[in-house]
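# Per-entry structural report
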Amino acid sequence: MKNKILGTRKRSGMMQSLSCTILLCILSISSNLFAQTASNTQQTIKGVVYDENSQPIPGATVIVKGTSKGTATDFDGNYELTITEPDAVLEFSYIGYKTMELPISGQTIIDATMELDVESLKEVVVVGYGTQLKRDVTGATSTVKAEEIVKRPIVQVEQALQGTASGVVVTQNSGQPGQGMSVRIRGANSITGNNEPLYVIDGNIGGNITGLNPNDIESMEILKDASATAIYGSRGANGVVLITTKMGNSGKMQVNFNTWLSKASIPKHLDLMNAYDFATVVNTTNVSTGGSPAFTEEDLTYFQEWGGTDWHKELEQKPLIQNYDLNISGGSPEMRYRVSYNHLDQPGLIVNQYFKKDIFRTNLDLKAGERIDLKINLSALQNKGRNNSYQGDLTDPFSQANIWDPTSPVRNPETGQYIKNSTYGSTGFNPVAQANGQLEDTSSRSINGTGVLVYRITDDLTFTTNNTYNMGSGYNQAFRGLDTDEGNTNGVRATVYSNKSWSFQNSNFLTYKKSIGVHDITLMGLYEQYKYENEWVRANSNNLSTPSLGYYNLGLGASQQTTSGYTSDALQSYMVRVNYAYKNKYLLTSSVRVDGSSHLTDKYSIFPSIALGWNISEENFLKDSEILTTLKLRASYGETGNQAVGAYSTIPRIQTGGPYFYDGVTPSVTTPLGPPVSSDLKWEITKQTDIGLDMAFFYGRLNLAVDVYNKNITDLLYNYQAPFYLGGDSYQRNLGALNNKGLDFSISGNPIDGDAFSWSTNFTMSFNRNKVKDLGGLDNIQVNNIGSAQSGTTYLKVGRPLGEFYGYKFLGTWKSSEAAEAAEYGMQPGDAKYEDVNGDNVYNTDDLMVIGNGSPDFSFGFINDLKYQNFTLSFMFQGTSGNEIYSQTMAYLWGGQGQAKTPTTQEALNMWTPENETNNPAFSNTGKNFINSSRYVYDASYIKLKNISLAYDLPKGLLDKFGLNNMQIYISGQNVFTITDYPGYDPEVNNAQNALTQGLEMGVIPNPRTYTVGFRLGF
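Residues numbered from 1 in each chain as written. Predicted model: local features only at pLDDT ≥ 70, side-chain atom pairs only at ≥ 80, totals over all residues. Heavy atoms only, no water.

### Some thoughts on the overall build of the protein
Going by this rule: Runs of H or I in DSSP of at least four residues are treated as helices and runs of E of at least two as strands, each being numbered from the N terminus. Residue burial is assigned from relative accessible area. The probe radius is 1.4 Å, only protein chains are included, and a residue is buried under 20% of its type maximum, exposed over 50%, and partly exposed in between. Between two residues, a contact is recorded if the distance between any of their heavy atoms is within 4.5 Å. Note on areas: Shrake-Rupley with a 1.4 Å probe; residue coverage comes only from the protein chains shown.
Each helix and strand counted, the protein has 14 helices and 52 strands in total. For the protein, the spread of C-alpha atoms along the principal axes amounts to about 105 × 70 × 65 Å. Burial status across the protein gives 53% buried among its 1019 residues. Nonlocal contacts in the protein, meaning residues at least 24 apart in sequence, comprise 69% of its contacts between residues at least 6 apart. Surface accessibility of the protein: about 43100 Å² in total, with carbon and sulfur atoms responsible for 54%.

Here it is as structure tokens:
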């Protein structure tokens, strides 16, 4: 408990003028609230608040009964309160304990030992549009608390979910700063649509998690089964993450400052050749294909002495990441507040790349009367980025650094100018020049305000209205100078893009809660509406007369083009929900939601759900057990939707096309018809069944949860290729079905809970399988590829899982003893050998087969906290098993593909020769180096030490000396090591854009290894 409170109060940051102004206002208000009238009868009351084990309770509330005068205990349970009423009564309260009252009776030192409230310890969890006791929850949910979040230097909200909740797979697809993560709750639910969960922040549905400071989070509830997510209807198919932000506590003002600095670097580099070895291989491949050596003996001697250019060393950097966080909180029973500011400065792993973010938030909780509560949450976000959105492609600088020849310097030693083209390694552009020469500058701002009014009409009936308004804007500027591939080839160009948007959500619901004897019933009725608008403008300028002004004067271009657009959509919803409990044993939850959308021709869809629960531990045969203290069986069914249908998708449109010269001279904009549309387009529907079991031993010392689920997704959305006589473009249509099933497992507990030493642990594991059930009569659909050079990598096949790779099965090389057989294929010993599926002695598309799958068999997380006196050691392992990566990065290292001309990998020094018949094919005029080959498919199973930290809390004596409530110093490491057989940079990263392209990798910047030092300070 001590750790829990400490974790929620230790924060840090950095204030600027706006936050200072608002904080001064808050402090002025709070000083008025806590001002005391001077009097000769004042007396100071001191004491310590203890728990049932005589351990101090930090954060307990102590108030003078019947007044707003109060305070909160410090880290060691101490409190101090000045009063003027000699007959006053002190009221002590804390979550999980019974409120107690003690009269002053002339005493100046009053200690309080609080008694556990067994009923209140049955944790309250957020379930969407309300809360429930955990014992009454019938859906499949997981919780991540604030104390877990603060253990790591987290810069993205999604990181808090990685390895902490069963059924949730979180992947950091790229090591670039400011980039989001892939979150999958119980697998993929759409083949081409969005599979990310719905985030609800303090009731704001679809809230922007980019604008949320992880240190502002109080808790995260993950809703996994359809009975829990159906209350969000057409937006709940991918699971829901409910985020509750922190609020101040009644009592004196608390100030918390947290800062950390991290040093980041790329943890692994590929084994690439130096200049001498590269030149030797160039000569060998030239001769083997009928050419002559490119380098003389004199050249080789020079390269051996020089060593050559390490392109990754020239391109990469080891950035220092800085994070500052400041929060101030406090209040009285009538008004609580919390104000926070966060600043993040995160340079990238390659030159000329960064991401910066500033977040301000203020939360107010007001009691406007005996029956009215008002909450006001305001937040503001500003972020800036440069070159931090490389998609992962052969043309990216990071990819080019793998295939540029080490025999070439970065700059011409005579002129000092960049050497722009590679003679032997790549046909692409100098990666260092490209990274420094291009500008992709992005900036965005948003302001979000949420107001929640709760009116208790009667003791049983409550009305709640939640209103959220959001304004956002973005301004992006791009420039390609002469030191970039595009600028060097097509002339200097610049682009400016600007957009602004706003949205409004209004949720109104009545909640009726009544207990009648052994019957507990809660009824809720909801009406909700949502509106969104966005408008944008883009301006392009080509062949600028000078690059000196960058993107600041588009009028310098020889030609300009301007485009603009507008989007609007709306959603209207109705929902009813009933919760019923009989004797706290038998539980029922049922809901029906109706969503009406402007996107569809048939506007309204219905999403029902039902869930049953049985608290077996409340039965007489288990009720008095001190071993198995909780045993609950759950079963549920529900239907949810996936809003993967874009605005105007059911309306035929006219497009704008290239210029047409009607008079042969004057260009005119053309307006051709757009692609056909499906007039009966519908949302994807997920029908999910779940059975779960929750167990707790020894009053929560050991906890176990197991869920099995089965999901059937119908009306899958797919971009269907229209016949050419209808325009030949693609359009969305519903086709087919997908099955998704699996098992979630978690076990947690406190095996050791002593005064000097304690150990808490949490282990989660998730299994998932999927299969395509129907494709509307289609089969073998080739999926759109990623990267500039991939082709035919994945297919959709009925009866097969998503994420499968298709290609040629690599069998090594033809050996000298197989010369005759190789000749039947037009090949010779040393050439690559593949499986001839149909036995026709020809390698063609008929020989394509399944060569791998990007989906893991299971994923897991393992978290441990070991505390000895003032030291805390925390570590987390995370990993996956059974997934594979098809790596084009590894393929291009062998040359002869795309822009890669000659091998750069050190393995090329071990190519096949008659004297050394390895399985690395030699270069020849007869060989076939298929890039879609199992040769480049690797086992991507891994175990990562995601985080390890050692923290030290300063003892009370030192804290008192400096007037502090708490201070913690810590060091930590992230992505410290990885256990894997994958030979590439990082088995966690890939280019996945949807469920079909998972496991495909091409030039993605890996996740950094970071070492962090920081401290948390509270006073």
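So much for the structure itself; the text now carries on.
### Remarks on the UniProt feature "domain: TonB-dependent receptor plug" (unreviewed entry) in the protein
Defined as follows: UniProt positions are given in the numbering used here, feature names are shortened, and annotations may be inferred rather than shown by experiment.
The sites that carry the UniProt feature "domain: TonB-dependent receptor plug" (unreviewed entry) are, in the present numbering, residues 134-240. As annotated, residues 134-240 has a helix share of 7% and a strand share of 25%, and its two end C-alpha atoms lie 17 Å apart.

### Let's talk about the side chain of Asn283
Defined as follows: Identification of polar contacts relies on pairs of N or O atoms within 3.5 Å, with a donor-acceptor requirement for protein atoms, meaning one able to donate a hydrogen and the other able to accept it, and with residues adjacent in sequence counted only if both atoms are side-chain atoms.
Looking at the secondary structure, you find Asn283 in helix α5 (residues 275-288). At 2.7 Å, the side chain of Asn283 and the backbone nitrogen of Ala294 are in polar contact. With residues up to four places along the chain from it excluded, the contact list for Asn283 reads Pro293, Ala294, Phe295 and Leu300.

### Topic: a nonpolar patch on the surface
To keep things clear, this is the line we draw: Two distance rules govern patches: like charges are joined within 9 Å, and nonpolar side chains (Val, Leu, Ile, Met, Phe, Trp, Tyr) within 5 Å, applied only to residues with over 30% relative accessible area and no salt bridge. Salt bridge, as used here, is a side-chain nitrogen of Lys or Arg placed within 4 Å of a carboxyl oxygen of Asp or Glu.
Where nonpolar side chains cluster on the molecular surface, the patch consists of Leu261, Leu320, Phe871, Leu950, Ile971 and Val1013 and spans about 490 Å² of accessible area. As for its position among the elements, Ile971 is in strand β49 (residues 966-974).

### Here's the deal with the sheet that holds strand β14 (residues 204-205)
This is how it is decided: The rule for pairing is simple: two strands pair if DSSP sees at least two bridges between them.
Reading across from one edge, β10-β15-β16-β13-β14 is the order of the 5 strands in this open sheet, with mixed pairing throughout. Strands with a single pairing partner mark the edges of an open sheet, and in this sheet they are β10 (141-145) and β14. As paired elements, strand β13 (residues 198-201) and strand β16 (residues 240-245) share 4 bridges and run parallel to each other. By the bridge assignment for β16, Val200 is matched with Leu242.

### Things to note about the nonpolar core
Formally: By convention a nonpolar core is built from buried Ala, Val, Leu, Ile, Met, Phe, Trp, Tyr and Cys residues, the set being connected through side-chain atoms within 4.5 Å.
With 58 residues, the main nonpolar core has Leu315, Phe398, Tyr886 and Tyr892 as its most contacted residues. In terms of residue count, the dominant contributor to this core is α5 (5 residues). Look past the residues within four positions of Leu315 in its chain and what remains in contact with it is Ile350, Val351, Pro397, Phe398, Ala401, Pro431, Val432 and Ala435. Counting residues in each nonpolar core, the second largest holds 21 residues, with Val144, Val183, Ile201 and Val241 among its members.

### Re the packing of α5 against helix α6 (residues 297-306)
The test is simple: All axes here are fitted lines through C-alpha atoms, helices being fitted over the stretch that makes contact, and every angle between N-to-C directions spans 0 to 180 degrees. In these notes the angle categories are as follows: under 35 degrees is roughly parallel, over 145 is roughly antiparallel, 65 to 115 is roughly perpendicular, and the rest is oblique. The residue classification treats Ala, Val, Leu, Ile, Met, Phe, Trp, Tyr, Cys and Pro as nonpolar and Asp, Glu, Lys and Arg as charged. All others, Gly included, are polar.
Interaxial distance between α5 and α6 falls to 7 Å at its minimum, and their mutual angle equals 150°. In terms of orientation, α5 and α6 fall into the roughly antiparallel class. Contacts between α5 and α6 involve Ala275, Tyr276, Ala279, Thr280 and Asn283 from the first element and Leu300, Phe303, Gln304 and Trp306 from the second. Across the contact of α5 with α6, the residue classes tally to 6 nonpolar, 3 polar and no charged.

### Focus: the packing of aromatic side chains
Two aromatic rings, taken as a pair, are described by how far apart their centres are and by the angle between their planes. Note the following rule: Ring pairs shown here join Phe, Tyr and Trp side chains whose ring centres sit within 6.5 Å, with only the six-membered ring taken for Trp; geometry is labelled stacked below 30 degrees between planes, edge-to-face above 60, and tilted in between.
Across all of its chains, the model carries 32 aromatic pairs by this definition. Aromatic pair Phe303 and Trp306: ring centres 6.4 Å apart, planes at 45°, arrangement tilted. You can see Phe303 and its partner Trp306 sitting in helix α6, 3 residues apart, about one turn around the helix. Ring geometry for Tyr469 against Trp502: centres 6.0 Å apart, planes inclined by 20°, an arrangement best described as stacked.

### Re unusual backbone geometry
One non-glycine residue, Asn387, adopts positive backbone phi at about 50°. Phi is positive for Asn975, which is not a glycine, with a value near 50°. Topologically, Asn975 is positioned in the loop between β49 and β50 (978-980).

### What to know about empty space enclosed by the protein
To locate leftover empty space, one rolls a probe as large as a water molecule over the atoms. Counted only if it meets this: Throughout, the protein atoms alone are placed on a 1 Å grid, and a set of points is a cavity if a 1.4 Å probe fits but cannot get out or a pocket if it is open with protein on both sides within 12 Å along at least five of seven lines; lining residues have an atom within 4 Å of a point. Grid points are joined across faces, edges and corners, and a volume is the space filled by probe spheres set on the points.
Evaluation of the coordinates by the stated rule reveals 8 cavities of 30 Å³ or more. Val155, Gln159, Asn975, Pro1008 and Thr1010 are the residues nearest the centre of the largest cavity, which is lined by 29 residues in total. Elements represented by at least two residues in the lining of the largest cavity include exactly β17 (251-265) and β19 (335-347). With 3 residues, the top contributor of residues to the lining of the largest cavity is β17. Per-class residue counts for the lining of the largest cavity are 12 nonpolar, 15 polar and 2 charged.

### With respect to the sheet that holds strand β5 (residues 89-93)
With antiparallel pairing, 4 strands are arranged side by side in an open sheet as β3-β2-β5-β6. Across the chains shown, the open sheet's two edge strands, defined by having one partner strand only, are β3 (70-72) and β6 (100-103). Strand-to-strand twist of the sheet, defined as the mean angle between neighbouring strand axes without regard to direction, takes the value 20°. Bridge count for β5 against β6 is 4 bridges, and the pairing is antiparallel. Residue Leu90 lies in a different strand from β6, and its bridge partner there is Leu102.

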